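Structure at a glance
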Amino acid sequence: LRPLRIHAGRYGIDDFPFSSFNSTRFPALENSGPNSWCNSLLQALYLIRPLRAHIVNHMCNREACLCCELANLFVMLTHAQGRNVHATNFFRALRQLPEAVALELIDPSEAHGGATRLKLLPRIFKFVTYVLDQLNKESKASPSGDLIDAMFGFEEVVQ
């Protein structure tokens, strides 16, 4: 097994034939951005079939809705057939949520030129907690119903 050397062509890495090196049917998320550390959670959520089915059936009219953007990402991953997919719209929606910005969940360097002050491990914990909580909140207002109830068969009780 020898390491794969990727040489950027005229169009950067966009013209590299990744599909000839990915012999699986699994799609991948693009790993070149400052928030690529989030990809493992997004792929893990995609691989949970009941969760994916629930998220894909989510519909609403809000502008910055993580459920809608995650549904869009899941559809793209489903049709990718081993190709790379960009999670750009998901991160754009996350940047529009004031709580997510205040928690410094994602690296703002793409948009604002500065890196976050948080170390990676606390950011990962906050990201997972916030995304799951936000998906649950947004799904309660959707015709597809409560995410926790759909996944585990019981209602969430907040005391």
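No experiment lies behind these values; they were computed from the predicted model shown.

With that out of the way, let us pick up the overall build of the protein chain. Helix and strand content of the protein chain: eight helices and two strands. Helices (α) and strands (β) of the protein chain occur, in sequence order from the N terminus, as β-α-α-α-β-α-α-α-α-α. With 159 residues in all, the protein chain has 35% of them scored as buried. In the protein chain, of all internal contacts separated by at least 6 residues, the share reaching a separation of at least 24 is 55%.

The subject of this paragraph is the state of the cysteines. Any covalent bond linking the sulfur atoms of two cysteines counts as a disulfide. Under the criterion given, the structure shown has zero disulfides. Cys 68 provides the cysteine sulfur closest to Cys 60, a residue in no disulfide bond, and the two sulfurs are 3.4 Å apart. Not engaged in a disulfide, the cysteine Cys 65 finds its nearest cysteine sulfur in Cys 60; these two sulfurs lie 3.5 Å apart. Overall, the relative accessible area of 1% leaves Cys 65 in the buried class.

Take helix α7 (residues 120-140) next. In this model α7 runs 30 Å from its N-terminal to its C-terminal C-alpha over 21 residues, within 8% of the 30 Å that 1.5 Å per residue would give. Along α7, the residues that are buried comprise Arg 123, Phe 127, Tyr 130, Val 131, Gln 134, Leu 135, Asn 136, Glu 138 and Ser 139.

Taken as a whole, this structure holds two salt bridges when the rule is applied. Lys 137 serves as the salt-bridge partner of Asp 133, at 3.3 Å between the closest nitrogen and oxygen. In this pair, Asp 133 and Lys 137 are both assigned in helix α7, four residues apart and thus about one turn of the helix distant. The exposure class of Asp 133 is partly exposed, given its relative accessible area of 32%. Classification of Lys 137 by relative accessible area gives partly exposed; the value is 43%.

Attention shifts here to the nonpolar core. Formed by 34 residues in total, the largest nonpolar core has its most connected members in Leu 70, Phe 90, Leu 94, Phe 127 and Leu 135. If you list the elements that add at least two residues to this core, you get α1 (39-46), α2 (49-56), α3 (66-79), α4 (88-95) and α7. Looking at this core element by element, the count peaks at seven residues for α3. Residues contacting Leu 94, with those up to four places away along its chain left out, are Leu 66, Ala 100, Ile 106, Phe 127 and Tyr 130.

Let us look at unusual backbone geometry. At Glu 104, a position not held by glycine, the phi torsion is positive, near 55 degrees. Judged by its relative accessible area of 19%, Glu 104 is buried.

Before going further, it helps to spend a moment on the side chain of Arg 52. Here Arg 52 is to be found in helix α2. Although buried, Arg 52 forms no salt bridge, and the nearest oppositely charged side chain, Glu 69, lies 16 Å from it. Here Arg 52 is in contact with Leu 45, Tyr 46, Leu 47 and Phe 74, once residues within four sequence places are set aside.

What counts, and at which threshold
Residues numbered from 1 in each chain as written. Predicted model: local features only at pLDDT ≥ 70, side-chain atom pairs only at ≥ 80, totals over all residues. Heavy atoms only, no water. Helix = DSSP H or I, 4+ residues; strand = E, 2+ residues; numbered from the N terminus. Buried < 20%, exposed > 50% of the residue type's maximum accessible area, 1.4 Å probe, protein only. Contact = heavy atoms within 4.5 Å. Disulfide = S-S within 2.5 Å. Expected span 1.5 Å × (residues − 1). Salt bridge = Lys/Arg side-chain N within 4 Å of Asp/Glu carboxyl O. Core = buried A, V, L, I, M, F, W, Y, C linked by side-chain atoms within 4.5 Å. Lys, Arg positive; Asp, Glu negative; His and termini not counted.

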